[in-house]
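Each chain, written out:
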Amino acid sequence: MSTPRTSTHRSSTDTQRPTTSSRGGFSYEGVLVGVPTYNERENVTRLVTALRENLPGATILVVDDGSPDGTGDLAAEMARSDPLVHLLRRPRKMGLGTAYVAVFDHARSIGARIAMTMDADFSHRPQDTPAVVRAALRPGVDLAIGSRYVPGGDIVGWPQSRKVLSAIANRLIRASLRTSTHDCTASFRAYSMELIDRLDFSKLESTGYSALPELLLLIDEVGATIVEVPITFVERERGATKLTKRELAKSLANVVRMRRRRVARSHAQRRAGAAGKGAR
Ligand SMILES: Nc1nc2c(ncn2[C@@H]2O[C@H](COP(=O)(O)OP(=O)(O)OP(=O)(O)O)[C@@H](O)[C@H]2O)c(=O)[nH]1
Ligand SMILES: [Mg+2]
């Protein structure tokens, strides 16, 4: 069994660049960008096109959960003509947490070095993706988070009330999980596959939005170096949110459950520490 370690946090200076392509530009070969979609027909084609431009050489995977608005068909059209656009069609809405695990499985199956996840609604700007990927490519970095809550990060288009709610929720989660991450609910993340291979996804209980803080908990449990890269988050302009009040309530309940798990682990560590001292 691996010994739990505490994750470390670093600032995000860009030092390592992706490889140079035969045409002289940077190539993001070895990077998989996973985009979960549910009813994103107004966004999916534009987003995949923008990602292909901003991350040349990267593979894009759309994970569509049987969107009734035909998002899957639009993605299928792109995948037919571009070998770097992949599509996973699932029969029904199965939740964001399971979509992320599908992204990690796909990244492993194509031998990727980095698995990135982001939303389809342009809240995560395609032009910010290179900085997040490059941060994850730095030696020793396990996870780079595109963060709203570090200096330089910003939110555009949210009313003040939503900004305050999100900031409070993130502070609460940060304190409950005893993590050093500031943006615990961000889905804009680039994971090294070395980190993914160390995680035990059978422990992941959340299937929806709360998979994001729960993944952080799993990551903290194995010990990892996390960097937060400031990004500008932009409120969606097209399509509708899938974040329902019910989903929010479920996420809150899940944070309480995670807090209990985190405290139980600390107690177990303390007991193990005391037993170790006694034995010496
Ligand atoms: N495959 C899949 N994608 C989902 C599911 N639920 C949401 N998504 C996608 O996950 C991303 C985030 O969902 P949003 O509705 O934008 O949620 P949000 O960003 O928290 O809320 P807004 O601020 O209103 O945009 C989008 O790309 C959605 O299409 C799901 O069950 N399955
Ligand atoms: Mg959104």
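Residues numbered from 1 in each chain as written. Chains lettered and ligands numbered in written order. Predicted model: local features only at pLDDT ≥ 70, side-chain atom pairs only at ≥ 80, totals over all residues.

A. Quick peek at the overall build of the protein. Each helix and strand in the protein was counted, giving eight helices and 10 strands. A separation of at least 24 residues holds for 80% of the contacts in the protein among residues at least 6 apart in sequence. (Helix = DSSP H or I, 4+ residues; strand = E, 2+ residues; numbered from the N terminus. Contact = placed C-beta atoms within 7 Å.)

B. Layout of the site of ligand 1. Around ligand 1, 20 residues are found, and the nearest of them are Pro 36, Asp 65, Ala 120, Thr 241 and Lys 242. Going through the elements one at a time, strand S2 (31-37), strand S3 (59-64) and helix H3 (96-109) are the ones with two or more residues in the shell around ligand 1. Residue composition of the shell around ligand 1, grouped by class: eight nonpolar, four polar and eight charged. (Near = placed C-beta within 6 Å. Nonpolar A, V, L, I, M, F, W, Y, C, P; charged D, E, K, R; others polar.)

C. Just helix H1 (residues 44-54), in detail. All of the buried residues along H1 are Val 44, Leu 47, Val 48 and Leu 51. Buried residues of H1 fall within an arc of 95° about the axis and therefore sit on the same side. Buried-residue contacts for H1 involve S2, S3, helix H2 (71-81), strand S4 (85-89) and helix H4 (129-137). (Buried ≥ 20, exposed ≤ 12 C-beta atoms within 10 Å, placed from the backbone. Arc of directions from axis to C-beta.)

D. Region of the structure containing the packing of H1 against H2. In contact at an axis separation of 9 Å, H1 and H2 are set at 35° when each is read in the N-to-C sense. In terms of crossing hand, the pair formed by H1 and H2 is right-handed. Contacts between H1 and H2 involve Val 44, Thr 45 and Val 48 from the first element and Thr 71, Leu 74, Ala 75 and Met 78 from the second. Here the residues of the contact of H1 with H2 sort into five nonpolar, two polar and no charged. (Axes fitted to C-alpha atoms, helices over the stretch in contact; angles between N-to-C directions. Left-handed = near helix turned anticlockwise from the far one by under 90°.)

E. Structural context of the pairing of strand S8 (residues 189-192). Covered by surrounding structure in S8 are Arg 189 and Tyr 191 together with Ala 190 and Ser 192, the residues of both alternating faces. When strand S5 (residues 114-117) meets S8, the two strands line up antiparallel, connected through four bridges. Looking across to S8, one finds that Ala 115 is bridged to Tyr 191. As paired strands, strand S6 (residues 143-147) and S8 are joined by three bridges and run antiparallel to one another. Within S8, the residue paired with Ile 145 across the bridge is Arg 189. (Pairing = 2+ DSSP bridges.)

F. Here's a closer look at H2. Considered for burial, the residues of H2 that qualify are Thr 71, Gly 72, Leu 74 and Ala 75. Projected down its long axis, H2 shows its buried positions confined to an angular sector of 160°, all on one face. Summarising the geometry of H2, the exposed residues directed more than 90 degrees from the buried face are Arg 80 and Ser 81. Tucked inside the fold, the buried residues of H2 contact S2, H1, S3 and S4.

G. Geometry of the confidence of the model for the protein. Looking at the protein as a whole, the pLDDT averages 89, with 90% of positions reaching at least 70. Confidence drops under pLDDT 50 across residues 1-6; counting only partners more than four residues distant or on other chains, this segment forms seven contacts. (pLDDT = per-residue confidence, 0-100.)

H. Representation of the environment of Asp 142 in the model. Mapped onto the secondary structure, Asp 142 falls in the loop between H4 and S6. Non-local contacts of Asp 142, meaning those with residues more than four positions away in its chain, are made with Ser 192, Glu 194, Leu 195, Ala 224, Thr 225 and Ile 226.

I. Highlighting unusual backbone geometry. Positive phi values are uncommon outside glycine, yet Phe 122 reaches one of about 70°. Tracing the sequence through the fold places Phe 122 in the loop between S5 and H4.

J. Representation of the environment of His 124 within the structure. With respect to the helices and strands, the residue His 124 is situated in the loop between S5 and H4. With 24 C-beta atoms counted inside 10 Å, the residue His 124 sits in the buried group. Once you skip the residues sitting within four places of it in the chain, His 124 turns out to touch Met 118, Asp 119, Gly 146 and Phe 188.

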